[in-house]
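Here is what each chain is made of, one letter per residue.
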Amino acid sequence: MTFTSLSDEVRAFRAAYPDVRYVDLICLDIPGHFYGKRYPIDMLEKVAAGSLLKLPQNCVLLGAQGGLHEIGDYCFNDGDPDATRRLIPGTLKPVRWEQQPLGQMLISSDGTESPIEFEPREVLARVLARLAAKGIHPVVAFELEFYLFDRALKDGLPQFPRDPLCGDEDDQPNLHIERLSRFSPVLHEIVEVANEQGIDANVITAEIGPGQFEINFGHCEDGLQAADWAALFTRLTRGVALKHGHRASFMSKPYLDAPGSGMHVHVSLYDGQGDNLLAPDDGQPLRHAVAGCLDWLPHCMPIFAPHHNAYRRYGSRVNAASRASWGYEDRDACVRIPDSDARNLRIEHRLAGADANPYLVLAAILSAMEHGLEQRAEPIEPLNKNRQSGIDFPMDMLGAVAQMRHHPAVNAGLGEEFVMVYCENKRQDHLAFMEHINAREYRWFL
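Quick notes on the rules
Residues numbered from 1 in each chain as written. Predicted model: local features only at pLDDT ≥ 70, side-chain atom pairs only at ≥ 80, totals over all residues. Heavy atoms only, no water. Helix = DSSP H or I, 4+ residues; strand = E, 2+ residues; numbered from the N terminus. Expected span 1.5 Å × (residues − 1). Buried < 20%, exposed > 50% of the residue type's maximum accessible area, 1.4 Å probe, protein only. Polar contact = N/O pair within 3.5 Å; in protein donor to acceptor, adjacent residues only side chain to side chain. Phe/Tyr/Trp six-rings, centres within 6.5 Å; stacked < 30°, edge-to-face > 60°. Core = buried A, V, L, I, M, F, W, Y, C linked by side-chain atoms within 4.5 Å. Domains from an automatic or database assignment. Contact = heavy atoms within 4.5 Å. Salt bridge = Lys/Arg side-chain N within 4 Å of Asp/Glu carboxyl O. Axes fitted to C-alpha atoms, helices over the stretch in contact; angles between N-to-C directions. Parallel < 35°, antiparallel > 145°, perpendicular 65-115°, else oblique. Left-handed = near helix turned anticlockwise from the far one by under 90°. Nonpolar A, V, L, I, M, F, W, Y, C, P; charged D, E, K, R; others polar.

Draft legend 1. Up close: helix 9 (residues 358–375). Between its terminal C-alpha atoms helix 9 stretches 26 Å, which fits the 26 Å expected from 18 residues at 1.5 Å a residue. Summarising burial for helix 9: 16 of the 18 residues are buried, a large majority. Measuring from the side-chain oxygen of the N-cap residue of helix 9 to the backbone nitrogen of Y359 gives 3.1 Å; that N-cap residue is N357. Positioned one or two residues after helix 9, R376 has a phi angle of 60°, which is positive.

Draft legend 2. Spotlight on the environment of V361. Mapped onto the elements, V361 comes out in helix 9. With a relative accessible area of 1%, V361 lands in the buried category. Measuring from C-alpha to C-alpha, the distance between V361 and P302 comes to 10.0 Å, with 59 residues separating the pair along the chain.

Draft legend 3. Structural context of the packing of aromatic side chains. Under the criterion given, the structure shown has 17 aromatic pairs. For the pair Y147 and Y255, a centre-to-centre distance of 5.5 Å together with 75° between the ring planes defines the contact as edge-to-face. Placement of Y147 in strand 7 (residues 137–150) and of Y255 in the loop between strand 10 (246–249) and strand 11 (263–270) is noted, with a sequence separation of 108 residues between them. Judged by centre distance (6.2 Å) and plane angle (65°), the rings of W444 and F445 are edge-to-face. This pair shows no difference in class: W444 is exposed, exactly as F445 is.

Draft legend 4. Focus on the nonpolar core. Core analysis: the biggest nonpolar cluster contains 131 residues, and F233, F304 and L414 have the highest contact counts within it. When residues are assigned to domains, this core turns out to be shared by domain 1 (4–115) and domain 2 (126–443), each giving three or more. Every residue in contact with F304, bar those within four places of it in the chain, is listed here: L297, Y314, H349, L351, A352, G353, A356, V361, A364 and I365.

Draft legend 5. Spatial organisation of the pattern of salt bridges. Counting across every chain of the model gives 27 salt bridges. With a closest N to O distance of 3.8 Å, R96 and E192 form a salt bridge. Of the two residues, R96 sits in the loop between strand 5 (93–95) and strand 6 (102–108) while E192 sits in helix 5 (residues 184–196), which places them 96 residues apart along the sequence. Judged by its relative accessible area of 34%, R96 falls in the partly exposed class. Here D392 makes a salt bridge to R323, at a shortest N to O gap of 2.9 Å. Here R323 lies in strand 12 (residues 323–324) and D392 lies in strand 16 (residues 391–392), a separation of 69 residues in the sequence. According to the relative accessible area criterion, D392 is exposed, its value standing at 56%. On the accessibility criterion, R323 (30% relative accessible area) is partly exposed.

Draft legend 6. Representation of the packing of helix 3 (residues 120–133) against helix 6 (residues 223–243) in the model. Look at helix 3 against helix 6: their axes get within 10 Å of each other, and the N-to-C directions meet at 155°. The orientation of helix 3 with respect to helix 6, classified from their angle, is roughly antiparallel. In this structure, the crossing between helix 3 and helix 6 has a hand that is right-handed. Contacts between helix 3 and helix 6 pair R121, L124, A125 and L128 from the former with G223, L224, A227 and D228 from the latter. When the residues that make up the contact of helix 3 with helix 6 are grouped by side-chain class, the tally is five nonpolar, one polar and two charged.

Here is the structure:
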């Protein structure tokens, strides 16, 4: 439903959900966690009517564990200033998984007088505005894989989820449709709640890992909305899973002996008349876009693999590349070209882990495709012709940050201030993670 104003949207929501007293106003930070405030719904009406909404600017800079890192003059040398946020129209929806009736609504600094340069949604908004000025209009679809675990941990480690009907562990994973039936209560509610949130979630697939599933989204002509869907989906999936006695996680590689979870992004580009820009000349622009993606990929690894665990996913035996590659109908490739007609010609970017930030992943992919179209270079050989074809990319966080930090095209495409802040955030997160000595090290050396 489309409303003429934010005030109309809030009033319609209150009429439809009279028991809701509070609304969570939420925004995604750099590591991909939601932050925000819980507002009484009558105060939300005042914000919708024009009252200023402000939150600390540095909320965006939080580390993976919620702490602040000193990055340039931010956090500890800037007085922790507030920054204006705005409500995102159309995102006020009910929250079904909480114990009390709640609502939630997305907020962002993009579109305000002083947007936060390193806010992920603002980074994507700038990229989309630049493409629109060039007459390029993306159509995007995300696919997210995730794992279900038992709600109880054992010695701090996850356990396989149990079949709600018979209590058996899901320890013999496969693609069989029966696994969808066994976990249908939680899976179906995830899709239903997603649809209620306005997310076009549809196809459910049982994946190869124990408790691993994938849910697809419809193609979306609004790149910001497509990334909103992916971000909101991760929140609701975790909430609904807990209701059903499970934990849900989008961790890239929860089990070393099972496939990792990816964020696959389908992207096609159209002009103002609705013609596919990748299709002319027997798909030559498509090949240029692929070349751009492969050129950028080694320099965007901190975005595609944002945590230490994410690098464990690459080089495994099942559809997880260890080099930048492409191919037609080839799931071993980082950039796959699905079989389609000229109208629907697109790339499927398969490298990002499911725990990556969807706004930043899409911003990097679109900027890389833009770069390729402008440079008009031909890509390396596809895997269909040469199984050894590929370009090396960094396989650890510090190496990845070093390749991203001063790359001219990436800085120009995503913004120098963002690249500086993001790389320093990831560097410090990694160093904090490495400060812990685990039990295995002691077993090896004591």
